[in-house]
Amino acid sequence: CFHRMTRISCMVKTNPKSVRGDQMAGGHAVILQPYWFFAPAFILVALVSFLPLGFAILQSFFKSDYLELGRFAGFTNYYDYLLGRNGLNSIWNSVVFVSLTAAVAMPVGFGLALILNKPLPFRGVIRTILILPWLVSNLIAGLLWAWLLNPKYGVGVFLLRQINLDLPNMITNEYAALGLSLIH
C-alpha cells in the first residue's frame, strides 16, 4: 500500500510499472487529501478566532474607541495598564486562576476520564451529564450562577443557610468570585 492512513482500500498489483504509475499519478492527491478535509475547519477557526485576536493585538497599540482605531500609542497602553490601579492585580488573578485550574481541574478531569473509560452502568448518561456544562454558553452559565448565589433570593444561598453556613456575597467578594470561576 502506498499511503495506508489515507487509503480506504489497497489493491495488490502484479505489474511493477502499474504500481509505480499508481504511486506517481495519485500519490500527490492521496497525500494532500487530509489537508483538503482539514481546510474548511481551519478557515472557520481562523475567521472566528485568529482574525479577532490579530485585530485586538493591533488595536492594543492605538488609542481607540471600541472598534475605531485612534492615534498610534505604541506601548503606552501597556505601560498605563501595568502601572495602573488594577493592572498587576489582574495579572496576579490570572496567574492564580491558571495555576489552580491546572492543579485542580486537570487531575479531576483525568481521573473522571479514567473512571468513565471502564465499563460502568449508566456510563453514557454520566458522560452526557459531565459534558453538559461545556455545551452551555458562558453568558448563560454566568447568569445561572448569579441567580443561584444571589444573597437575597438565590437558591444556593438559601440551601447553605439551612445548614447554618453563611458565606460572603459570592458574586462581589473577589476571592469567592475567583473560586466560583474555577468551578465553572
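Look a little higher up for the structure.
Everything quoted here is computed from the prediction, not taken from an experiment.

(A) Spotlight on the overall build of the protein. Scanning the protein from N- to C-terminus turns up 7 helices and 2 strands. Beginning at the N terminus, the succession of helices and strands in the protein can be written as α-β-β-α-α-α-α-α-α. Counting only residues that meet the buried cut, the protein has 11% of its 184 residues in that class. Restricting to contacts in the protein with at least 6 residues of sequence separation, those with at least 24 account for 25%. Per element, the accessible surface of the protein, about 15,200 Å² overall, is 71% carbon and sulfur.

(B) How the structure looks around the side chain of Gln59. Summarising the element assignment, Gln59 is placed in helix α1 (residues 16-59). Given a relative accessible area of 16%, Gln59 falls into the buried group. Beyond its immediate sequence surroundings of up to four residues, Gln59 is in contact with Ser64, Tyr66, Leu67, Leu69 and Asn77.

(C) Fine view of unusual backbone geometry. Positive phi values are uncommon outside glycine, yet Phe122 reaches one of about 65°. Inspection of the secondary structure puts Phe122 in the loop between α3 (87-116) and α4 (123-135). The backbone of Asn164 shows a phi angle near 60°, a positive value even though the residue is not glycine.

(D) Fine view of the pattern of salt bridges. Under the counting rule described, the total for this entry stands at 1 salt bridge. For Asp80, the salt bridge goes to Lys63, with nearest N and O atoms at 3.8 Å. Of this pair, Asp80 sits in helix α2 (residues 76-83) while Lys63 sits in strand β1 (residues 62-65), and the two are 17 residues apart along the sequence. Accessibility expressed as a relative area gives 40% for Asp80, which makes it partly exposed. Take Lys63: its relative accessible area is 33%, and that puts it in the partly exposed class.

(E) The environment of Leu167, seen in detail. Mapped onto the secondary structure, Leu167 falls in the loop between α6 (155-162) and α7 (174-183). Its relative accessible area of 38% is what places Leu167 among the partly exposed residues. Taking the C-alpha atoms as reference points, Leu167 and Pro151, 16 residues apart in sequence, are found 9.1 Å from one another.

(F) Examining α3 more closely. Between its first and last C-alpha, α3 extends 42 Å over 30 residues, near the 44 Å set by a 1.5 Å rise per residue. Considering bend angle alone, the principal kink of α3 is centred on Thr101 and spans about 30°. Considered for burial, the residues of α3 that qualify are Gly87, Val96 and Leu116.

(G) Broad picture of the packing of aromatic side chains. Taken as a whole and assessed by the stated rule, the structure comprises 6 aromatic pairs. Aromatic side chains Phe61 and Tyr78 sit 5.6 Å apart centroid to centroid with 55° between the ring planes, which places their arrangement in the tilted category. Placement of Phe61 in the loop between α1 and β1 and of Tyr78 in helix α2 is noted, with a sequence separation of 17 residues between them. Look at Phe61 and you get partly exposed, because its relative accessible area is 22%. Grouping aromatic residues by their ring pairs yields a cluster made of Phe38, Phe42 and Phe50.

Procedures and definitions
- Residues numbered from 1 in each chain as written.
- Predicted model: local features only at pLDDT ≥ 70, side-chain atom pairs only at ≥ 80, totals over all residues.
- Heavy atoms only, no water.
- Helix = DSSP H or I, 4+ residues; strand = E, 2+ residues; numbered from the N terminus.
- Buried < 20%, exposed > 50% of the residue type's maximum accessible area, 1.4 Å probe, protein only.
- Contact = heavy atoms within 4.5 Å.
- Areas by Shrake-Rupley, 256 points an atom, 1.4 Å probe, with all protein chains shown as cover.
- Salt bridge = Lys/Arg side-chain N within 4 Å of Asp/Glu carboxyl O.
- Expected span 1.5 Å × (residues − 1).
- Bend = angle between axes of the 7 residues up to and from the residue.
- Phe/Tyr/Trp six-rings, centres within 6.5 Å; stacked < 30°, edge-to-face > 60°.

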